[in-house]
Amino acid sequence: SQQGEEDPQALSIQEGENATMNCSYKTSINNLQWYRQNSGRGLVHLILIRSNEREKHSGRLRVTLDTSKKSSSLLITASRAADTASYFCATDVVEEGQKLVFGQGTRLTINP
Amino acid sequence: EAQVTQNPRYLITVTGKKLTVTCSQNMNHEYMSWYRQDPGLGLRQIYYSMNVEVTDKGDVPEGYKVSRKEKRNFPLILESPSPNQTSLYFCASSLGGLQETQYFGPGTRLLVL
């Protein structure tokens, strides 16, 4: 079952601008994670936010979580060319044990 | 270096020929899992394992088998591969389950003819 849905599917911005990606999910979660994937490579963990947290920061990344709306957003500030990648949210589905469910991802392109 | 390794990285095979993709981690992680990634469908979990001899189905387990005889290894077995199993496969591990960071391997690109 596809739990997370990212929006937009693709985003293209100029270097230095901020990029915002959104993730919506359907069922109760314990935590939500964001990952980055450079073309065809393995995923790299960016940040984990627990269901009792509303906002979390890590360097140029800011993640928010709204459990009432079942949504999360990832903000990348002052984007760089190296941020070009696909970004995925992943949720653990409370009713389904230790399964991790990924969204389809947002393809981010940073133009120099 | 702490890492998750997968072998082979690329594989072309024919329908029905049994194959195994190995996954190994050197971080003493308890949780390991397999995903497949297909265009437009994102990553989908195939199987996961909470510890040695403990495995469970993910969202798309049909056509796959796994085993966890040792903590560090979690091989993915395709007993009779079919073309619809052509995909990019990732193994991942974490210290204690979904509350922890998942560490991903580099991926195995499989083509079944």
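Just so we're clear, the structure is a prediction, and the values are computed from it rather than from any experiment.

Conventions used here
- Residues numbered from 1 in each chain as written.
- Chains lettered and ligands numbered in written order.
- Predicted model: local features only at pLDDT ≥ 70, side-chain atom pairs only at ≥ 80, totals over all residues.
- Heavy atoms only, no water.
- Disulfide = S-S within 2.5 Å.
- Helix = DSSP H or I, 4+ residues; strand = E, 2+ residues; numbered from the N terminus.
- Buried < 20%, exposed > 50% of the residue type's maximum accessible area, 1.4 Å probe, protein only.
- Contact = heavy atoms within 4.5 Å.
- Buried area = accessible area lost by both parts, 1.4 Å probe.
- Salt bridge = Lys/Arg side-chain N within 4 Å of Asp/Glu carboxyl O.
- Polar contact = N/O pair within 3.5 Å; in protein donor to acceptor, adjacent residues only side chain to side chain.
- Nonpolar A, V, L, I, M, F, W, Y, C, P; charged D, E, K, R; others polar.
- Pairing = 2+ DSSP bridges.
- Axes fitted to C-alpha atoms, helices over the stretch in contact; angles between N-to-C directions.
- Phe/Tyr/Trp six-rings, centres within 6.5 Å; stacked < 30°, edge-to-face > 60°.

## A closer look at the state of the cysteines
In total, this model carries two disulfides over all chains according to the counting rule given. Bridging Cys23 of chain A to Cys89 of chain A, the disulfide has an S-S length of 2.0 Å. Since a negative S-S torsion denotes a left-handed disulfide, the Cys23 of chain A-Cys89 of chain A link at about 65 degrees is right-handed. Residue Cys23 of chain A is located in strand β3 (residues 19-24), and its partner Cys89 of chain A is located in strand β9 (residues 85-93); the two are separated by 66 residues in the primary sequence. Residue Cys23 of chain B pairs covalently with Cys91 of chain B via a disulfide, S to S 1.8 Å. Residues Cys23 of chain B and Cys91 of chain B are joined by a disulfide whose S-S torsion is about -70 degrees; by sign, that bridge is left-handed. A residue pair is termed long-range when its members are at least 10 positions apart, and Cys23 of chain B in strand β3 (residues 19-25) and Cys91 of chain B in strand β9 (residues 87-94) qualify at 68 residues. Comparing Cys23 of chain B with Cys91 of chain B, the two get one shared label, buried.

## With respect to the side chain of Gln85 of chain B
You can see Gln85 of chain B is positioned in the loop between β8 (76-78) and β9. For Gln85 of chain B, the contacting residues outside a window of four places in its chain are Arg36, Glu62, Gly63, Tyr64, Leu78, Ser80, Leu110 and Val112 of chain B.

## A few points about the interface of chain A and chain B
Listed by partner, the interface residues are 25 residues for chain A and 26 residues for chain B. With both chains or domains summed, chain A and chain B bury close to 1900 Å², and 49% of this area falls on carbon and sulfur atoms. Ranking the residues of chain A by area buried against chain B places Gln98, Lys99 and Leu100 of chain A at the top, with a combined share of 31%. Residue Lys99 of chain A is joined to Asp59 of chain B by a salt bridge in which the shortest nitrogen-to-oxygen separation is 3.1 Å. Counting the contacts that link chain A with chain B gives eight residue pairs in polar contact (both at pLDDT 80 or more). If you list the elements that add at least two residues to the side of chain A that touches chain B, you get β4 (29-37), β5 (43-50), β9 and β10 (100-102) of chain A. Among the elements that take part in the side of chain A that touches chain B, β4 of chain A stands out by supplying five residues, more than any other. Tallied by class, the residues present in the side of chain A that touches chain B amount to seven nonpolar, 13 polar and five charged.

## Overview of the sheet that holds strand β1 (residues 5-7) of chain A
Residue and element names in this part refer to chain A. With respect to topology, five strands assemble into an open sheet ordered β1-β3-β8-β7-β6, the strand pairing being antiparallel. This sheet does not close on itself; its edge strands, each paired only once, are β1 and β6 (55-58). Pairwise comparison of adjacent strand axes, ignoring direction, gives a mean angle of 15 degrees for this sheet. Where β3 meets strand β8 (residues 71-76), six bridges bridge the pair, whose relative direction is antiparallel. Residue pairing in the sheet places Ala19 in a bridge with Ile76 of β8.

## Let's talk about the packing of aromatic side chains
For the coordinates displayed, the defined rule picks out eight aromatic pairs over all chains. With a centroid separation of 5.6 Å and an interplanar angle of 80 degrees, the aromatic rings of Tyr35 of chain A and Phe104 of chain B are classed as edge-to-face. Within this pair, whereas Tyr35 of chain A is found in strand β4, its partner Phe104 of chain B is found in strand β10 (residues 103-104), the two belonging to separate chains. Residue class for Phe104 of chain B comes out buried when judged on its relative accessible area of 11%. Ring pairs connect the aromatic residues Tyr35 and Phe102 of chain A together with Tyr35, Phe90 and Phe104 of chain B, which therefore count as one cluster.

## Here's the deal with the sheet that holds β8 of chain B
Residues and elements named next belong to chain B. Strand order across the open sheet formed by four strands is β1-β3-β8-β7, with antiparallel pairing between neighbours. The sheet is open, and its two edges are formed by β1 (4-7) and β7 (65-66), each paired on a single side. Examined bridge by bridge, β7 and β8 share two bridges and lie antiparallel to one another. What sits directly across from Val66, in β8, is Leu76.

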